[in-house]
Amino acid sequence: MNQRSNFIIDTYLMTKRSTIAIFRNPFIFIPNIMISLFFLLVYQAGLSGISNIPAFEGASYLAFILPVSIVSGAIGGSGGAGQSLVRDLENGYFSRLLLTPTSRVAIVLGPIIAGMIQLFIQTVLILLVGLWMGLDIAAGFGGAVVVILLAAGFGLAFAGYSVGFALRTKDAQASQAGTFVFFPLVFLSTTFVPYELIEADWLKFVSKINPTTYVFDGMRSVLINGWEAQPLIYAAIVIIIICSITITFASLSAKRAVNRD
Amino acid sequence: MSNQAIVVEDLVKTFKGDVKAVQGISFEVEDGEFFAFLGPNGAGKSTTIQVLTTLLNPTSGSVTVSGFDVGKDPISIRREIGVALQETGIDPSLTGRELLEMQARLFGFSKHDAKNRAQELLDLIHLAEDGDRKVGKYSGGMRRRLDLSLCLVHRPKILFLDEPTTGLDPYNRNAIWDEIRTLNREFGTTIFLTTQYLEEADQLADRISIINKGKIVASGSSQQLKKTVGMDVIDLSFQQNEDAEKAKEVLSSWTKDYRLTNGELTLYVDNGAYLLPDMVRKLDKEGIPPISLNLAPPTLDDVFLQVTGEHLEEKAVIKQEGVVSP
Ligand SMILES: Nc1ncnc2c1ncn2[C@@H]1O[C@H](COP(=O)(O)OP(=O)(O)OP(=O)(O)O)[C@@H](O)[C@H]1O
Ligand SMILES: [Mg+2]
């Protein structure tokens, strides 16, 4: 039969299965949404006063902190893809899938796409909460779409990382530990204040090389300033680079995991 | 096409760190045959199954399943075989019905056909009532039965079952035995089963290979294997090792062969019922009366003992039938 339609059906089935698994286990996605909303509410409540400092150039702190909430949610949501593959490896379902004629790529792709669906729903939810809290998106509806796209791109990169890590270690604890890069990624950046206000030189340096900074910048530009080319191009380039790296890592690990030697 | 379901020649499987799991085994299984691999922990049973079912590449040797080479055409093999690995392969967040439907869809069934097939199988394994519960809530026996039904979804011609009844209670064990017997006898499904249970191999299989430490040490039907042992088997146990040693000396002229394992003396004799009273009298006279004795036709354990020098199962388990008190 024709290969392509089989591949599409396989991917659809694998995605459906992972999506069911995510939404049937509220412990997988509820805490993640909670943490994101927590960031949004608590930082907004506690820190919004600092946006009076000139370096914020009159931006609302809500628009400034919203990308932190979205990115942390994106990381958590897409990190689930790796966790779900580890669960498959541990409960033997991965082998059962390998014993079917199913495309090996679809087996790994399913959880990733399911993670992206979760991420999309979360991002929309956070944006809605933001709007309800009085967010005014400078670039309008298109700006919201850009925020979602950047979140998805960054999430995909992190999904690649978590899947690669999961398939390499094949161990729940180890791959749980792997998700701890979340902290440096999210917090060693322009998380709470603009670059100019960061005190320590080392943190300035780290935030320059942290890809998350460029994703924050891209999101903030559409939320606060409207349409500006440079931050969006930088964000896109950074996302393409890290996606290529992590997805290559994921494919290599996947090859090793289904390797039959 | 050939009427050999499985052909294995000089199969070697070595894992990293020079673990020689399978060390050059050869065997054939005919279409429709019920074939069993009998062997203790670590014998290489699961490794062999994983090579035959395309999960592992052979290190060397050739393996053909349903006429296809495992290295060259694994996908064709996967369409023809059903596999229940030693560990069940189940996603606990789905229901039994969802897992069965998913499995059918992955083998190319339409949505409609997949639904029907799932219902059929739920009925077959008596899980219809629990079909819509999450598998995570199933008991061990229910999981096993579901796992078995998952490998039947696409009506495979060859079934691989790796220790399908290990750890099950007698009720579930019998249910699975009936099931696979029916598949073999009524649907002509070729079956390759591995087990550590003598009784399982004895009751179910047309032909048995005994595997130990990565090598096949004996093959044949249960009857043929038992014949190689001799006529009867007498087990004598003694208070002390030395007594068993001494008994061996005393009785050596009457036996064809013997085995001595910590305080237990196993004798292979031509006419056990006739010899036994004389033997006991003789041992009594020597002052080393056995504390228990047992006369029985040979079991597969005796075959195993004879070819490997060790018992396959704990003595206590086997000694349930035909115990004669002195
Ligand atoms: N992936 C692996 N890597 C390294 N060694 C392995 C691997 N799988 C199995 N082995 C080793 O190969 C040998 C045979 O193992 P195998 O699982 O085939 O035995 P078995 O007959 O199925 O035993 P059991 O009855 O306990 O299931 C053992 O020594 C085992 O430790
Ligand atoms: Mg095994």
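The name an unreviewed UniProt entry gives chain B is ATP-binding cassette domain-containing protein, with Chengkuizengella axinellae as the organism. Quoted verbatim from the Sequence similarities (unreviewed entry) heading of the UniProt record, the comment on chain B is "Belongs to the ABC transporter superfamily. Drug exporter-1 (DrugE1) (TC 3.A.1.105) family."

Labelled according to an unreviewed UniProt entry, chain A appears under the name Transport permease protein, originating from Chengkuizengella axinellae. Under Sequence similarities (unreviewed entry), UniProt gives the following word-for-word description of chain A: "Belongs to the ABC-2 integral membrane protein family."

Novice: Help me get a handle on the site of ligand 1, residues and values and all.
Specialist: Residues and elements named next belong to chain B. Looking at ligand 1, there are 14 residues lining it, with Asn-41, Gly-42, Ser-46, Thr-47 and Glu-163 nearest. The contact in question runs from an oxygen atom of ligand 1 to an N or O atom on the side chain of Gln-196, over 3.1 Å. Secondary structure elements with two or more residues in the shell around ligand 1: β2 (19–30) and α1 (45–52). For the shell around ligand 1, the leading source of residues is α1, giving 3 residues.

Novice: How would you explain the packing of aromatic side chains if you had to name every residue and give the values?
Specialist: Residues and elements named next belong to chain A. Under the defined criterion, the tally for this structure stands at 22 aromatic pairs over all chains. Relative to Phe-64, the ring of Phe-56 has its centre 5.0 Å away and its plane inclined at 70°; by these criteria the two rings are edge-to-face. There is no split in this pair, since Phe-56 and Phe-64 are both buried. Ring-pair connections join several aromatic residues into one group, and the members of that group are Phe-39, Tyr-43, Phe-180, Phe-182, Phe-183, Phe-187 and Phe-192. Of note, Arg-220 hangs over the ring of Phe-64, and the distance from its end group to the ring centre comes to 3.6 Å.

Novice: Help me get a handle on the domain arrangement of chain B, residues and values and all.
Specialist: Each assigned domain of chain B is listed here: domain 1 (4–226) and domain 2 (231–297). One C-alpha centre belongs to domain 1 of chain B, the other to domain 2 of chain B; they are set 41 Å apart.

Novice: Pulling in residues and values, what's your account of the sheet that holds strand β9 (residues 207–212) of chain B?
Specialist: Residue and element names in this part refer to chain B. Taken together, the 6 strands give an open sheet; going across it, the order is β6-β7-β8-β3-β9-β10, and neighbouring strands pair in mixed fashion. Every interior strand has two partners, whereas the edge strands, β6 (81–84) and β10 (215–220), have only one. The average undirected angle you get between the axes of adjacent strands in this sheet is 15°. Sheet topology note: the β6/strand β7 (residues 158–162) ladder contains 4 bridges and is parallel. The residue of β7 that forms the bridge with Gly-82 is Leu-159.

Novice: Explain the coordination of the magnesium ion (ligand 2) to me, using residue names and the numbers behind them.
Specialist: Residue and element names in this part refer to chain B. All of the protein donors around the magnesium ion (ligand 2) are Ser-46 (OG) and Gln-86 (OE1); their distances to the metal are 1.9 to 2.1 Å. You can see Ser-46 sitting in helix α1 and its partner Gln-86 sitting in the loop between β6 and α3 (96–106), a full 40 residues away along the chain. A residue is classified by how much of its surface remains accessible, and Gln-86, at 29% relative accessible area, is partly exposed.

Novice: Just give me the short version of the nonpolar core, but keep the residues and values in it.
Specialist: Ile-6, Phe-27, Leu-146, Phe-160, Ile-180 and Phe-192 of chain B are the most contacted members of the largest nonpolar core, which has 100 residues in total. Leaving out residues up to four positions away in the same chain, Phe-27 of chain B has contacts with Ile-6, Val-7, Val-8, Phe-35, Phe-37, Thr-48, Leu-52, Phe-192 and Ile-216 of chain B.

Novice: Just give me the short version of the interface of chain B and chain A, but keep the residues and values in it.
Specialist: If you look at the interface, chain B gives 33 residues, while chain A gives 23 residues. Overall, the association of chain B and chain A removes approximately 2600 Å² of surface from exposure, summing both partners, and the carbon and sulfur fraction of that is 54%. Along the contact surface separating chain B from chain A lie 3 salt bridges. With a shortest N-O distance of 2.7 Å, Asp-91 of chain B and Arg-17 of chain A are connected by a salt bridge. At the boundary of chain B and chain A, one finds 8 residue pairs in polar contact (both at pLDDT 80 or more). Broken down by secondary-structure element, the contributors of at least two residues to the side of chain B that touches chain A are α2 (74–80), α3 and α5 (140–150) of chain B. When residues in the side of chain B that touches chain A are grouped by element, the largest group, 6 residues, is from α3 of chain B.

Novice: Lay out the UniProt feature "transmembrane region" (unreviewed entry) in chain A in plain terms, naming residues and giving numbers.
Specialist: Residue and element names in this part refer to chain A. Mapped onto this structure's residue numbering, the UniProt feature "transmembrane region" (unreviewed entry) falls at residues 21–41, 61–86, 107–135, 141–167, 179–198 and 232–252. Helix makes up 95% of residues 21–41 and strand 0%. Its end C-alpha atoms lie 29 Å apart. In this annotation, residues 141–167 is assigned 100% helix and 0% strand; the end-to-end C-alpha distance for the span is 38 Å.

Novice: Provide a residue-level description of a nonpolar patch on the surface, including the pertinent values.
Specialist: Together, Phe-23, Ile-113, Ile-117, Phe-120 and Ile-121 of chain A line one region of the surface with nonpolar side chains, adding up to about 400 Å² of accessible area. With 4 residues, helix α5 (residues 104–132) of chain A is the largest single contributor of residues to the nonpolar patch.

Novice: Just give me the short version of the pattern of salt bridges, but keep the residues and values in it.
Specialist: All names here are of chain B. Throughout the structure, instances matching the rule amount to 16 salt bridges over all chains. The partner of Asp-130 in a salt bridge is Arg-133, with the nearest N and O atoms 2.8 Å apart. For Arg-133, a relative accessible area of 35% translates into the label partly exposed.

Novice: Please provide a residue-by-residue account of the sheet that holds β2 of chain B, values included.
Specialist: All names here are of chain B. Here 4 strands make up an open sheet; going across it, the order is β2-β1-β4-β5 and the pairing antiparallel. Sheet topology places β2 and β5 (68–69) at the edges, where each strand pairs with a single neighbour. Where strand β1 (residues 4–15) and strand β4 (residues 60–65) come together, 5 bridges link them in antiparallel fashion. Counterpart to Val-12 in the pairing with β4 is Ser-60. The strands that α1 touches are β1, β2 and β4; relative to β1, the one it contacts most, it runs at about 120°.

Novice: Explain a positive patch on the surface to me, using residue names and the numbers behind them.
Specialist: Together, Arg-168, Lys-170 and Arg-256 of chain A together with Lys-16 of chain B make up a region of like positive charge exposed at the surface. Within the element layout of this structure, Lys-170 of chain A appears in the loop between α6 (140–169) and α7 (172–178). The exposure class of Lys-170 of chain A is partly exposed, given its relative accessible area of 41%.

Novice: A description of a negative patch on the surface should follow, citing residues and the corresponding values.
Specialist: Residues and elements named next belong to chain B. Negative charge collects at one region of the surface, where Glu-9, Asp-10, Glu-28, Glu-30 and Asp-31 lie side by side. Among the secondary structure elements, those contributing two or more residues to the negative patch are β1 and β2. Position of Glu-9 among the secondary structure elements: in strand β1.

Criteria and cut-off values
Residues numbered from 1 in each chain as written. Chains lettered and ligands numbered in written order. Predicted model: local features only at pLDDT ≥ 70, side-chain atom pairs only at ≥ 80, totals over all residues. Heavy atoms only, no water. UniProt positions renumbered as here; feature names shortened; annotations may be inferred. Near = heavy atom within 4 Å. Polar contact = N/O pair within 3.5 Å; in protein donor to acceptor, adjacent residues only side chain to side chain. Helix = DSSP H or I, 4+ residues; strand = E, 2+ residues; numbered from the N terminus. Phe/Tyr/Trp six-rings, centres within 6.5 Å; stacked < 30°, edge-to-face > 60°. Buried < 20%, exposed > 50% of the residue type's maximum accessible area, 1.4 Å probe, protein only. Lys NZ or Arg CZ within 6 Å of the ring centre and 35° of its normal. Domains from an automatic or database assignment. Pairing = 2+ DSSP bridges. Axes fitted to C-alpha atoms, helices over the stretch in contact; angles between N-to-C directions. Donors = N, O, S within 2.8 Å, 3.2 Å for Na, K, Ca; no water. Core = buried A, V, L, I, M, F, W, Y, C linked by side-chain atoms within 4.5 Å. Contact = heavy atoms within 4.5 Å. Buried area = accessible area lost by both parts, 1.4 Å probe. Salt bridge = Lys/Arg side-chain N within 4 Å of Asp/Glu carboxyl O. Patch = residues over 30% accessible without salt bridge, like charges linked within 9 Å, V, L, I, M, F, W, Y side chains within 5 Å. Areas by Shrake-Rupley, 256 points an atom, 1.4 Å probe, with all protein chains shown as cover. Lys, Arg positive; Asp, Glu negative; His and termini not counted. Charge placed at Lys NZ, Arg CZ, Asp CG, Glu CD.

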